[in-house]
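# Breakdown of the fold
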Amino acid sequence: VSADSTADVRTPVDHAGGQQSEDASGDTLPAARVPRSAARAGWLGVLLAVAVLGLGVLAAYDATTLLGWVDAEPVGTPVLDTDLGVRPDTATTVLAVALVLLGLWLTWSALQRSARRGARLATSTGVWITYGDLERLVNGTAEDVDGVVSAHTAVSRRRARVSVQMTAPEVREYVQVAVTERLSALQSPPRVTVIGNPGHDDGGEAR
Amino acid sequence: MNRATSGADRVVVLLLGLALVAGGGWAVAWAQGWLPTGWWQPDTLNYTGLPSSLVDAPWWPWVLLLGGVVLFVLGLAWLLQHVRSRAVGSLSLPGEPRGGTLVLDGAALGNGVAAALEDAGRGVVGARGKLVDEHGRLVLDVTAGVRRDADLREVGRLCDEIAAHARRTTGRSDIACRIRLRVAPRAAPRARVR
């Protein structure tokens with residue numbers, strides 16, 4: 001059996017016309033992990049791979065010039081053949097300190113664990129949403145509350161901090177309830193903090 | 001990028017970092033005269049180039065060529081490990097067809113799941129999916145756009161149902177599923193009645 005470009009995996013619900021019927025939680029595809037952001041060591045690995053590749057090209061080029069296959073001067077060999085003397089002076093100290101700092105940064109980068117890119121929903125299969133999308137979602141929820149002029153949200157794994165411009169003090173509580181309810185669909189909902197600031201609706205769109 | 005490449009990146013970067021810390025630390029102590037008695041501490045560090053017996057040897061260009069080719073192949077293989085596609089072309093299905101095998105196109109499975117999410121009309125406004133190999137495990141990787149006012153519980157239930165049906169359709173329980181919900185951009189401002 002070979003599918004063309006789209007396998008038919010619509011549920012019986014869809015075929016029947018939209019009624020909800022089955023509880024799929026027990027027999028669904030297992031959840032894959034929420035992806036992590038690319039580790040810095042990965043980008044450094046790409047740079048090092050390019051450096052190794054470039055070194056190989058340089059060595060092969062030098063070899064071909066030394067063998068007389070290419071009518072040109074070698075590039076790398078004269079550099080390796082240069083005399084170099086280093087004295088224990090201030091310039092050496094500065095350079096060495098820079099190398100130590102670079103080494104510490106590389107070591108830290110190699111050991112750093114990359115962060116999860118988002119939060120999982122409380123589902124049986126793997127459903128997730130980035131923190132940036134959660135912020136957009138929470139902003140929309142807060143702005144839909146009557147009395148909210150504007151909202152700004154920052155969401156992390158443990159905390160959702162919502163700043164709202166509101167027309168009355170009691171609006172803060174409404175926003176708290178609405179956002180908490182919205183985020184309760186997550187497997188580990190973050191703690192919601194709402195900061196209310198008095199604001200005035202300039203009525204830009206409502207005339 | 002698979003786990004081995006990621007591990008190789010970390011090990012190489014770590015070794016390079018430690019070498020720089022050790023070498024740089026020694027150089028700082030040497031330049032400032034902080035090295036304990038008995039440690040190697042020359043008046044100046046002199047590098048006098050490659051020995052002429054090496055550079056002038058008839059085999060030197062050949063060794064250089066061989067080393068260059070080895071480094072080139074090594075660097076290219078390392079680089080390709082970072083960029084190679086993880087998409088799975090086809091998926092074998094369990095079953096006993098007469099004289100044949102059951103194979104499902106990986107892209108068709110991804111597209112099918114995406115279309116099912118989109119067609120359900122329960123908050124998903126667009127989706128795309130693919131089957132990928134991730135650290136040796138098959139993963140159905142789907143991205144679904146949802147409205148800003150979508151009910152996340154409802155969308156989650158829908159995802160469970162579609163994934164369950166994909167499992168029954170393929171008969172494969174070893175496929176993991178990851179559905180990313182992407183919130184659609186802010187809609188045009190609505191008039192508010194006061």
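What comes next concerns the included structure. A quick note: this is a predicted structure, and the numbers were derived from the prediction, not measured.

## Side note on the overall build of chain B
Each helix and strand counted, chain B has five helices and six strands in total. Secondary structure of chain B in N-to-C order comes out as α-β-α-α-β-β-α-β-β-α-β. Of all 194 residues assigned to chain B, the portion counted as buried reaches 42%. Counting only carbon and sulfur atoms, one obtains 60% of the accessible surface of chain B, whose full area is about 10,600 Å².

## Some details on a positive patch on the surface
On the surface, R33(A), R36(A), R113(A), R116(A), R157(A), R158(A), R3(B) and R137(B) cluster together into a patch of positive charge. Positionally, R116(A) belongs in the loop between α4 (90–111) and β2 (118–120). With relative accessibility at 41%, the residue R116(A) sits in the partly exposed group.

## Description of the environment of G112(B)
Here G112(B) shows up in helix α4 (residues 106–119). Taking the C-alpha atoms as reference points, G112(B) and R128(B), separated by 16 residues in sequence, lie 8.9 Å from one another.

## Comments concerning the side chain of T93(A)
Positionally, T93(A) belongs in helix α4. Here Q32(B) takes part through its side chain, which lies 2.8 Å from a polar atom of the side chain of T93(A).

## Digging into the pattern of salt bridges
All names here are of chain B. Applying the stated criterion to the full structure yields 11 salt bridges over all chains. Between R172 and D174 there is a salt bridge; the shortest N-O distance is 2.9 Å. Here the residues in one salt-bridge network are R122, E154, R157 and E161, joined through shared partners.

## Quick look at the packing of helix α1 (residues 3–32) of chain B against helix α3 (residues 60–83) of chain B
Residue and element names in this part refer to chain B. Packing of α1 against α3 leaves a shortest axis separation of 10 Å and a crossing angle of 125°. Overall, the two elements α1 and α3 adopt an arrangement that is oblique. As for the relative orientation of α1 and α3, their crossing is left-handed in sense. Across the interface between the two elements, T5, D9 and V12 from α1 touch W78, Q81 and H82 from α3. Of the residues that constitute the contact of α1 with α3, the class distribution is two nonpolar, three polar and one charged.

## Concerning the packing of aromatic side chains
All chains considered together, the criterion is met by three aromatic pairs over all chains. Seen from their ring centres, W69(A) and W62(B) are 5.6 Å apart, and the 75° between their planes marks the pair as edge-to-face. Taken together, the positions of W69(A) in the loop between α2 (40–66) and α3 (76–80) and W62(B) in helix α3 put the pair across two chains. Its relative accessible area of 53% is what places W69(A) among the exposed residues. A centroid spacing of 5.5 Å and a plane angle of 10° characterise the contact between W26(B) and W30(B), whose relative ring orientation is stacked. Taken together, the residues W26(B) and W30(B), both in helix α1 and four residues apart, mark about one turn of the helix. This pair shows no difference in class: W26(B) is buried, exactly as W30(B) is. Among the aromatic side chains, those forming a connected cluster through ring pairs are W26(B), W30(B) and W40(B).

## Some remarks on the sheet that holds β2(A)
Think of a sheet as strands paired side by side through backbone hydrogen bonds, with each pair either parallel or antiparallel. A sheet is described by the order of its strands in space; here five strands give the open sequence β2(A)-β3(A)-β6(B)-β5(B)-β4(B), paired in mixed fashion. Both outer strands of the open sheet, β2 of chain A together with β4 (124–134) of chain B, are each paired with one neighbouring strand and no more. Strand-to-strand twist across the sheet, computed as the mean angle between neighbouring axes with direction ignored, equals 25°. Note that β4(B) and strand β5 (residues 137–146) of chain B share 10 bridges and pair antiparallel. Bridging across to β5(B), R128(B) finds its partner in T143(B).

## Some words on the nonpolar core
The biggest cluster of nonpolar side chains holds 57 residues, and the ones touching the most others in it are L134(A), V164(A), V175(A), L117(B), I179(B) and L181(B). No other element matches helix α5 (residues 152–170) of chain B, which puts seven residues into this core. Sequence-distant contacts of L117(B), that is, excluding residues within four places in its chain, are made with V124(B), V142(B), A144(B), L158(B), C159(B), I162(B) and I179(B). In terms of nonpolar packing, the next biggest core, distinct from the first, is built from eight residues, A63(A), L50(B), W60(B) and L64(B) among them.

## Quick look at the environment of T143(B)
Residue and element names in this part refer to chain B. When you line up the elements, T143 lands in strand β5. Under the relative-accessibility criterion, T143 is labelled buried at 16%. Along the sequence, T143 and R182 sit 39 residues apart, while their C-alpha atoms lie 6.9 Å from each other. Discounting residues that sit within four places of it in the chain, T143 has contacts with G126, A127, R128, R180 and R182.

Conventions used here
- Residues numbered from 1 in each chain as written.
- Chains lettered and ligands numbered in written order.
- Predicted model: local features only at pLDDT ≥ 70, side-chain atom pairs only at ≥ 80, totals over all residues.
- Heavy atoms only, no water.
- Helix = DSSP H or I, 4+ residues; strand = E, 2+ residues; numbered from the N terminus.
- Buried < 20%, exposed > 50% of the residue type's maximum accessible area, 1.4 Å probe, protein only.
- Areas by Shrake-Rupley, 256 points an atom, 1.4 Å probe, with all protein chains shown as cover.
- Patch = residues over 30% accessible without salt bridge, like charges linked within 9 Å, V, L, I, M, F, W, Y side chains within 5 Å.
- Salt bridge = Lys/Arg side-chain N within 4 Å of Asp/Glu carboxyl O.
- Lys, Arg positive; Asp, Glu negative; His and termini not counted.
- Charge placed at Lys NZ, Arg CZ, Asp CG, Glu CD.
- Polar contact = N/O pair within 3.5 Å; in protein donor to acceptor, adjacent residues only side chain to side chain.
- Axes fitted to C-alpha atoms, helices over the stretch in contact; angles between N-to-C directions.
- Parallel < 35°, antiparallel > 145°, perpendicular 65-115°, else oblique.
- Left-handed = near helix turned anticlockwise from the far one by under 90°.
- Contact = heavy atoms within 4.5 Å.
- Nonpolar A, V, L, I, M, F, W, Y, C, P; charged D, E, K, R; others polar.
- Phe/Tyr/Trp six-rings, centres within 6.5 Å; stacked < 30°, edge-to-face > 60°.
- Pairing = 2+ DSSP bridges.
- Core = buried A, V, L, I, M, F, W, Y, C linked by side-chain atoms within 4.5 Å.

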